[in-house]
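Observations on the model geometry
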Amino acid sequence: MKLTSKSDLEAPLSFVYATLADHAAWERAAIRQGVQVERPDDAPRTGIGAAWRIRGKVRGKPRQMLLRLTETTPDKAMGYSLDSPSVEGTARFEVLALSPRRTRLRVVLEVRPKTLAARLFLNTLRLTRRRVEAKFDARTAQLAQRIAAGYQDGLIRAGRM
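Attention shifts here to the layout of surface pockets. Roughly 160 Å³ of volume is contained in the second largest pocket. Taken together, Phe15, Thr19, Asp22, Ala25, Trp26, Arg28, Arg32, Arg146, Ile147 and Gly150 form the lining of the second largest pocket. No other element matches the four residues that helix 2 (residues 23–32) contributes to the lining of the second largest pocket. Class assignment for the residues of the lining of the second largest pocket results in four nonpolar, two polar and four charged.

What follows concerns the pattern of salt bridges. Considering all chains together, one arrives at eleven salt bridges under this definition. Notably, a salt bridge pairs Arg92 with Glu71, separated by 2.3 Å at the nearest N-O pair. On the criterion of sequence distance, the pair formed by Arg92 in strand 6 (residues 87–99) and Glu71 in strand 4 (residues 61–73) is long-range, its members being 21 residues apart. By relative accessible area, which is 28% here, Arg92 ends up partly exposed. Owing to a relative accessible area of 25%, Glu71 belongs among the partly exposed residues under this scheme.

A word on the sheet that holds strand 1 (residues 2–9). In sheet architecture, strand pairing relies on hydrogen bonds along the backbone and comes in two forms, parallel and antiparallel. Across the sheet, seven strands lie side by side as 1-7-6-5-4-3-2; this open sheet has antiparallel pairing. In the strand order of this sheet, the two ends are held by strand 1 and strand 2 (36–38), each with one partner. Each adjacent strand pair in this sheet contributes to an overall mean axis angle of 20°, direction not counted. Pairing geometry for strand 6 and strand 7 (residues 102–113), over twelve bridges, is antiparallel. Paired with Glu88 across the bridge in strand 7 is Arg112. Sheet contacts for helix 1 (residues 13–21): strand 1, strand 4, strand 5 (77–83), strand 6 and strand 7; angle to strand 6, the most-contacted strand, approximately 160°.

Attention shifts here to the pairing of strand 5. Burial analysis of strand 5 places five of its seven residues in the buried class, which makes it a mostly covered element. With seven bridges connecting them, strand 4 and strand 5 associate as antiparallel partners. Within strand 5, the position partnered with Leu67 by the bridge is Leu82. In this antiparallel pair of consecutive strands, strand 4 and strand 5, the connection spans three residues, and Asp75 shows a positive phi of 55°. Pairing geometry for strand 5 and strand 6, over seven bridges, is antiparallel. In the sheet register, Ala77 faces strand 6, and the bridge partner there is Glu94. In sequence, strand 5 turns back onto strand 6 through a hairpin of three residues.

Of the two faces of strand 1, the one holding Leu3, Ser5, Ser7 and Leu9 is buried and the one holding Lys2, Thr4, Lys6 and Asp8 is not buried anywhere. Both strand 1 and strand 7 contribute to a ladder of eight bridges, which runs antiparallel. Looking at the pairing, Ser7 lines up with Leu105 of strand 7.

Calculation rules
- Residues numbered from 1 in each chain as written.
- Predicted model: local features only at pLDDT ≥ 70, side-chain atom pairs only at ≥ 80, totals over all residues.
- Heavy atoms only, no water.
- 1 Å grid on protein atoms, 1.4 Å probe; cavity = no way out; pocket = protein on both sides within 12 Å on 5 of 7 lines; lining within 4 Å.
- Points joined across faces, edges and corners; volume = space filled by probe spheres on them.
- Helix = DSSP H or I, 4+ residues; strand = E, 2+ residues; numbered from the N terminus.
- Nonpolar A, V, L, I, M, F, W, Y, C, P; charged D, E, K, R; others polar.
- Salt bridge = Lys/Arg side-chain N within 4 Å of Asp/Glu carboxyl O.
- Buried < 20%, exposed > 50% of the residue type's maximum accessible area, 1.4 Å probe, protein only.
- Pairing = 2+ DSSP bridges.
- Axes fitted to C-alpha atoms, helices over the stretch in contact; angles between N-to-C directions.
- Contact = heavy atoms within 4.5 Å.

In short, the description is geometric, and any link to function would need to be established separately.
Right under this line is the structure:
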C-alpha cells in the first residue's frame, strides 16, 4: 500500500530539511510519547545506515520496528527503510522550495506485508482508502505545522518578528 501526501509551510527549505534531519530531536519527541527508542550498536550514529530500534503500542498492541536511514540528499530528500516482523516498507520525505520563505513537504510511505495477518489488515485498509488517506494527510499537515511553528519560535526568540 502506497500513501502520498504533501503540505506547504511557511519556513525556508534549509530550515525544514535541517529539522527533518535532526534525528536526536525526533528521538526525544518519540520518547516523550511513550515510545522506546534504542540505537543498534552495529549501526553508524549518523549518515546513511543510521538505525533505530523502535518499540511502542499501535492500535493497542505492542509493536517493534527497525528504522534505517537509506538516503539523504541535502536540501532535497531523506529516505528510510522500515522493517518489522509483519511488514516492511519505505518512507521518503522530500522538500521543495516554493519561494525563499515557503516550502512544500512531500511524504511518501509504502508498506508491504510479510505475513498473512498483515496482508489481511492492509487489504482492509485499502477498502477504506479515502479515510486512510485523509488521516495520512492530516498527520502530514500536523508535521508541517510543527516545523513551521519551530521556525516562527526561532524568529521570535531572535527578535526578528
